[in-house]
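Architecture and fold: a report
If you want the building blocks of each chain, they are given just below.
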Amino acid sequence: MKVLQVCAEIFPLLKTGGLADVCGALPGALVRRGCDVRVLVPAFPAILRGVPDAKPLATGGELPDGGRLLLGTLPGTGVPLYLIDAPALYAREGNPYADEAGQPYIDNHRRFALLGRVGALLADGFDPSWSAQVVHGHDWHAGLAPAYLRAAQLHSGRRQAGSVHTVHNLAFQGTFPLDVLGELGLPADFYQTHGLEFHGQVSFMKAGLHYADRITTVSPTYAREIQGEEQGCGLDGVLRARSGELSGILNAVDDAVWNPAIDELIPARYDGRRLAGKGRCRLALQSSFGLGPQTDRPLFGVVSRLTEQKGFNLILEGLPQLLERGGQLVVLGTGEPGLIAALVQAAKTHPGAIAVKVGYDEELAHRVVAGVDVMMVPSRFEPCGLTQLYGLKYGSLPLVRKVGGLADTVVDSSLENLDDGSATGFVFERFEVDDYVAALRRAFALFKRKGEWQEVQRRAMAQAFDWDAAAAQYIAQYEHIAA
Ligand code: ADP
């Protein structure tokens, strides 16, 4: 089976969030299961620099509206990587979606339409040596790929390839004013309710949801939630209408990158049998952040985009309770200025107990995940969430809200779950500070019972969230389409 993955970011070349981790790990897992996988990305500067073997296709790879297609290899995997080298659209440093002021680029519709368009071309002989049977797009950036495939099918009377669209976060939809339509090169009648029209605008996400043969999202619970009004972001009707083609496939952890037994980015290595290294990681983290070297109260950590989605208002409102119980908090993140200001102020007011690092730092993310006792992810909504999975893997018990993928991956340390040996973290239900603080208190209570804490830690670390299982489910989708 020849499968093309289409995405805007990919670890280790360019990452703004979990999407990159998934797009970096899934291709290798599919290859190990016998798929013939290639990946298509825009040649953003960081990507181009990271693929020194990228060369134009033997045909020259000239693209219809300028630019050319290069082929190289995704580092560390051997997976062939197509790069769309169109400097007028992509030669911009930094965040791939927005300028330095955080404003989305004005030509994003053209930048990501080209991504979808080339995805469809690669199912239609653009590279004479390889043609996709399934085009698998990720998030709104690749949302037009299924639409271009459908347009090509209508034009030629022949189906080039099947398509899968994966939703990593429905809150980001890629909607643009109606007047961009003429620049997309799609049939005018695609602009309709049963197409890519969304409240008088053009929606790339809706195009993916409407035209793809199969839709997936990154956890079973989120697959259910987005079919309801509360989490459907206005697209729940489309998703309900396609519920037969929608499924949730849980993300996993790339064991070669996030694994405390071999992680070279952390001060000491450890595993479930030898936890001493975790203590060293903790001390090193406390010392580097100027926190006291205490060991009798939990150290909480957050590695996250600083946005309302991630539950920072609960964390901020619950700070007095965390502090009065003697807890410590480390935050690594970047995002909304208001949240940054509030967190920085809290760290100033409570030096030695709260530390905040504003920025994006892959190495520090590993050191925080390894060094803390509790990883906090109290999100309002969460398609899957990766940091709680990393927390489990590193024996840093996740404290999460029971929503989306968080609900699918963490089991609360209630008395009955401790008793039957299923607890792996701390889970609360409502997006209310009382519920959050109750979970915080359970974390403090369990931390006093060292033996039980370690038992839960070892169980958390033994959880299997491996890409092989996820890859098998994606392949089942591809085979379903091909059949
Ligand atoms: P989302 O994709 O919604 O941002 P996920 O939990 O799915 O959230 O994935 C977040 C990914 O981004 C994780 O790999 C996490 O470690 C990483 N990350 C988030 N913020 C930072 C940061 N400030 N520095 C380094 N890594 C970060």
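This section reports on the structure supplied with the text. Bear in mind that the values here come from a model prediction, so they are computed numbers and not experimental data. (Residues numbered from 1 in each chain as written. Predicted model: local features only at pLDDT ≥ 70, side-chain atom pairs only at ≥ 80, totals over all residues. Heavy atoms only, no water.)

Before going further, it helps to spend a moment on the environment of Asp-124. The residue Asp-124 is located in the loop between helix H4 (108-121) and strand S6 (134-138) in this model. Relative accessible area serves as the criterion here: at 36%, Asp-124 is assigned to the partly exposed category. Spatially, the C-alpha atom of Asp-124 lies 15 Å from that of His-136, the residues being 12 residues apart in sequence. Residues contacting Asp-124, with those up to four places away along its chain left out, are Ser-131, Arg-158 and Gln-160. (Helix = DSSP H or I, 4+ residues; strand = E, 2+ residues; numbered from the N terminus. Buried < 20%, exposed > 50% of the residue type's maximum accessible area, 1.4 Å probe, protein only. Contact = heavy atoms within 4.5 Å.)

Another point: empty space enclosed by the protein. Taken as a whole and assessed by the stated rule, the structure comprises 1 cavity of 30 Å³ or more. Of the pockets and cavities examined, the largest cavity occupies roughly 80 Å³. Phe-11, Asp-21, Val-22, Ala-25, Ala-252, Val-253, Asp-254, Val-257, Trp-258, Leu-386, Tyr-390 and Trp-467 together form the lining of the largest cavity. Ranked by residue count, the leading element in the lining of the largest cavity is helix H1 (residues 18-32), at 3 residues. Residues of the lining of the largest cavity, tallied by class, amount to 10 nonpolar, no polar and 2 charged. (1 Å grid on protein atoms, 1.4 Å probe; cavity = no way out; pocket = protein on both sides within 12 Å on 5 of 7 lines; lining within 4 Å. Points joined across faces, edges and corners; volume = space filled by probe spheres on them. Nonpolar A, V, L, I, M, F, W, Y, C, P; charged D, E, K, R; others polar.)

As a further point, take the site of the ligand. Neighbouring the ligand are 19 residues; Lys-15, Gly-18, Asp-21, Arg-305 and Gly-359 lie closest to it. With respect to the ligand, the side chain of Lys-15 contributes an N or O atom lying 2.8 Å from an oxygen atom. Here Lys-310 contributes a side-chain N or O atom positioned 2.9 Å from an oxygen atom of the ligand. Calculation on the ligand without its partners gives an accessible area of 570 Å², and the protein chains cover 93% of this total. A per-class count over the shell around the ligand returns 6 nonpolar, 7 polar and 6 charged. Each of two domains, domain 1 (2-252 + 467-482) and domain 2 (276-461), supplies a minimum of three residues to the shell around the ligand. (Near = heavy atom within 4 Å. Polar contact = N/O pair within 3.5 Å; in protein donor to acceptor, adjacent residues only side chain to side chain. Areas by Shrake-Rupley, 256 points an atom, 1.4 Å probe, with all protein chains shown as cover. Domains from an automatic or database assignment.)

Attention shifts here to the pattern of salt bridges. Within this structure, the stated rule accounts for 25 salt bridges. Between Asp-468 and Arg-33 there is a salt bridge whose closest N-O contact spans 2.8 Å. Here Asp-468 is found in helix H20 (residues 467-482), whereas its partner Arg-33 is found in the loop between H1 and strand S2 (36-42), with 435 residues between them in sequence. What makes Asp-468 partly exposed here is its relative accessible area of 35%. The class for Arg-33 is partly exposed, based on a relative accessible area of 43%. For Asp-255, the salt bridge is made with Lys-393, and the minimal N-O distance between the two is 2.1 Å. On the criterion of sequence distance, the pair formed by Asp-255 in the loop between strand S12 (246-248) and helix H10 (276-288) and Lys-393 in helix H15 (residues 387-393) is long-range, its members being 138 residues apart. Through salt bridges that share partners, Lys-15, Asp-21 and Glu-362 make up one connected network. (Salt bridge = Lys/Arg side-chain N within 4 Å of Asp/Glu carboxyl O.)

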